Number of protein chains: 2
Amino acid sequence: MARDIAIIGVGMTKFGEFWERGYRSLITESGSRAIIDAGIDGKDIDAIYVGSMTPGRLIGQEHVGALVADYAGLVGVPATRVEAACSSGGLALHQAYLAIKSGLYDIVVVGGVEKMTDVATEHATVALAGAADQEWEGFHGITFPGLYAMMARRHMVDYGTTDEQISMVSVKNHANGKLNPYAQFQYDVSLQDVMNSSMVADPLRLLHCSPITDGAATVVLASGETAKKFCKKPVWIRGTALATDTLSLHERKSITKIEASVVAGGKAYQMAGVKPSDIDFAEVHDCFTIAEILAIESLGFCKIGEGGKITEDGETKIGGRIPINTSGGLKAKGHPVGATGIAQAIEATWQLRGEADKRQVKDAKIGLTQNVGGSGATCTVHIFSMEK
Amino acid sequence: MARDIAIIGVGMTKFGEFWERGYRSLITESGSRAIIDAGIDGKDIDAIYVGSMTPGRLIGQEHVGALVADYAGLVGVPATRVEAACSSGGLALHQAYLAIKSGLYDIVVVGGVEKMTDVATEHATVALAGAADQEWEGFHGITFPGLYAMMARRHMVDYGTTDEQISMVSVKNHANGKLNPYAQFQYDVSLQDVMNSSMVADPLRLLHCSPITDGAATVVLASGETAKKFCKKPVWIRGTALATDTLSLHERKSITKIEASVVAGGKAYQMAGVKPSDIDFAEVHDCFTIAEILAIESLGFCKIGEGGKITEDGETKIGGRIPINTSGGLKAKGHPVGATGIAQAIEATWQLRGEADKRQVKDAKIGLTQNVGGSGATCTVHIFSMEK
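As a convention, each chain's residues are numbered from 1 in the sequence order in which they are written. Lettering of chains starts at A and numbering of ligands starts at 1, both following the order in which they are written. Restriction of local features to residues with pLDDT of at least 70 applies here, the model being predicted, together with a cutoff of 80 or more for giving and counting side-chain atom pairs; totals for whole chains, interfaces and linings are based on all residues. Hydrogen atoms and water are omitted, and side-chain values are computed over all heavy atoms in the structure.

**Points about the pattern of salt bridges**
Close approach of charged atoms allows side chains with opposite charge to pair. One speaks of a salt bridge when a side-chain nitrogen belonging to Lys or Arg is within 4 Å of a carboxyl oxygen belonging to Asp or Glu. Summed over the entire model, instances satisfying the criterion amount to 48 salt bridges over all chains. Between Arg252 of chain A and Asp245 of chain A there is a salt bridge whose closest N-O contact spans 3.4 Å. Since its relative accessible area comes to 9%, Asp245 of chain A is described here as buried. Among the salt bridges present, the one from Glu62 of chain B reaches Arg81 of chain B, with a minimum N-O distance of 2.9 Å. With Glu62 of chain B in the loop between helix H2 (55-59) and helix H3 (64-71) and Arg81 of chain B in strand S3 (residues 79-83), the pair connects residues that are 19 residues apart, well separated along the chain. Of the residues examined, Glu62 of chain B reaches a relative accessible area of 2% and is grouped as buried. In this structure Arg81 of chain B comes out as buried when scored by relative accessible area, which is 0%. Residues participating in the shared-partner salt-bridge network are Asp37, Lys233, Arg353 and Glu355 of chain A. Classification of residues uses two cut-offs on accessible area relative to the type maximum, computed with a 1.4 Å probe and protein chains only: under 20% is buried, over 50% is exposed, and between them is partly exposed. Every helix listed is a DSSP run of H or I at least four residues long, and every strand listed is a run of E at least two residues long, numbered separately from the N terminus.

Dropping the structure here:
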């Protein structure tokens, strides 16, 4: 029962702080762009999936699947919100894939969205802490900078990863973000800028942390025959996988290995019939710069413990052995949490179609996206290519 | 690519106010019961779906898919939270069905859960208002009793529905709940009790409203061959459908017809190859007693406008033409919002297996469940039978 599934259209808003705009305005903009890009009509759409982490706490609104259908002018169409913290976008993509694969739906629109600047930053930080274990972590006051700081410090102790190396992730991602007109931060930062920025949670400084961001991203998926009918450049989903880990960090055997990423990555590679060395570029979840190092290790782009070193050696730059976060990543492109997993898929689509302009990876044939929830309790991995 | 899917195990907690228990304790109890009922082992489980409306606002916890996998001892297993307000449970069931139908997963556990009593009742009411349109409804202060009160008043004006009729729904559902050991309220209320209870939002009084409830419910789904291997009495999902409507009430052509229920019901009937008169019993979404009247009209159990009359005539009682809410419904069984859609499926399972004890519907062969989000912006309908 093979039923190949492709991305046939993509669209996103610029990421940033949009004081004057609301949640529904953002998601309808990205949705409209994706629908136009796909060349479909509203009546072609069989179902909608929305990844959104915590609109209840950020804008007082749940039930956002129906909201999106309503404001997209698609009243009646089945709409589903899914949530797995910052991995909500990747999760929405996985569910939409299953929905088409089931045969019940044929063309499915998948959006991710978050409006984070309607509350004070400290309230957003507390809302985001809902991704951690409330009883064992959040209740005691720890938020995500603190959790990732512990992971970073342990990685430094175990593998000799340096302050310079975790800072170089930021320098590289800002350099990439400068080339991305959708990025929140389109400017360079120097190694000294990063290393002299304010301390947030030792060893993580301000410029090691992704920002609070408003934004939305949407892709349109279709099954094989339909994809070919509408689209000259369908981007095929070759692998899609989802895995979990303990919600709290202290329950894990290791806090420097994202086991859910190892598992989801392994499943996605197997499904796609490829190995890490076949991947031409990847968008990974750099909510903090240490997270990018953990991601590339867990996905097999280098050995465990060597993520800092290959960053320092320039292997993850555009033009390097395995370009990582050509979009600017969460660090420079921005991180509207529910939208991030979908925005990653959009960057992969643009790279594979050869539409990534100044940040284009040469001969990009196979791309991977990795989207993490919390400190790694959920991970989704997708593998895309122009060939089935 | 037929791939029949059945419920092979069910389990739920008692519904009520459990000051001494937490979210994870409730969902793991219902999950354990369902797994034991199904006779499966943890290692058989391919994926988990969790329906939960607003744990972020009620207990400060998002990311509950991973939480459930973790606390169920199923670390690593793919876990997805879905949300569509009070229809989150029905939505989880629909997504789990798609997941199995896709062929990627074979045995899927679907839970629904809400812990509502950890915050003051007024805060729970505000959190629930997140199911309405925050910008056009919630912002102006209206909560759900007010929205449903307008629907009730309009129904009275248009169709002559009476205070007595909307009160008789409560009397019937309490009579049924008295027979259900899992119900929050296991006692009778008289017509006078209902009609003399405190006014909440004219014409809706306290005993027209479902309560704030803690609880969890879980079902285990499996594909055809697997279902037959594990289970002597698989309950087949014959129809599953999801539809949406405008999020805000004032945007609709009619506020006395739940259009999403008409659409989802129509699709589910078509998928199952049955018509309303083939249904032997139904669990419907009586968050307020008027909602039960709207539900039975939208599902075709009577003409539009006659829901009050057939209630008054006793047609919806156990032993009547079409028994509605034999479990006690949301009114008497309780309404832990994310759990409700799953608990409805459990009542259907017990009825079809002939295990509903004193509230057993004679010769029950085909059952229907209808689960509504908000004032009707989402509706899921499922049809079950012992025969494929």
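**Overview of the relation of the copies chain A and chain B**
Each copy superposes on the other: chain A lies on chain B with an RMSD of 0.0 Å after a rotation of 180° and an axial shift of 0.0 Å. Within this description, the copies of the chain are treated as partners about a two-fold rotation axis. Mapped onto chain B, 100% of the interface residues of chain A are again interface residues, and the two copies thus contact each other with one and the same surface. The superposition of copies rests on a least-squares fit of C-alpha positions from residues with pLDDT of 70 or more in both. By definition, residues are in contact when any of their heavy atoms lie within 4.5 Å.

**Regarding the interface of chain A and chain B**
Tallying the contact residues gives 61 residues for chain A and 61 residues for chain B. Defined in terms of a 1.4 Å probe, buried area is the accessible area two parts forfeit on being brought together, summed over both. Taken over both partners, the interface formed by chain A and chain B buries close to 4600 Å², and the fraction arising from carbon and sulfur atoms is 52%. For the pair chain A and chain B, the interface holds 6 salt bridges. Two N or O atoms form a polar contact when they lie within 3.5 Å of each other; inside protein one atom must be a possible hydrogen donor and the other a possible acceptor, and for residues adjacent in sequence the pair counts only when both atoms belong to side chains. For the interface between chain A and chain B, the tally reads 34 residue pairs in polar contact (both at pLDDT 80 or more). Residue assignment for the side of chain A that touches chain B shows that the elements contributing at least two residues are helix H2 (55-59), helix H3 (64-71), strand S3 (79-83), helix H4 (88-101), strand S8 (235-244) and helix H10 (259-272) of chain A. Among the elements that line the side of chain A that touches chain B, the one with the most residues is H4 of chain A, at 7 residues.

**Quick word on the packing of helix H7 (residues 163-177) of chain A against helix H11 (residues 289-298) of chain A**
All names here are of chain A. To define axes, lines are fitted to C-alpha atoms, for helices over the stretch in contact only, and angles between the resulting N-to-C directions are given on a 0 to 180 degree scale. Close contact between H7 and H11 brings their axes to 8 Å; oriented N to C, the two are set at 95°. Between H7 and H11, the crossing angle belongs to the class labelled roughly perpendicular. Residues Gln165, Ile166, Val169, Ser170, Lys172 and Asn173 of H7 touch H11, and the partners they reach there are Thr289, Ile290, Glu292 and Ile293. For the contact of H7 with H11, the per-class residue count stands at 4 nonpolar, 4 polar and 2 charged. Just so you know how the angles are binned, under 35 degrees is roughly parallel, over 145 roughly antiparallel, 65 to 115 roughly perpendicular, and the rest oblique. Any residue that is not Ala, Val, Leu, Ile, Met, Phe, Trp, Tyr, Cys, Pro, Asp, Glu, Lys or Arg is counted as polar, Gly included; the first ten are nonpolar and the last four charged.

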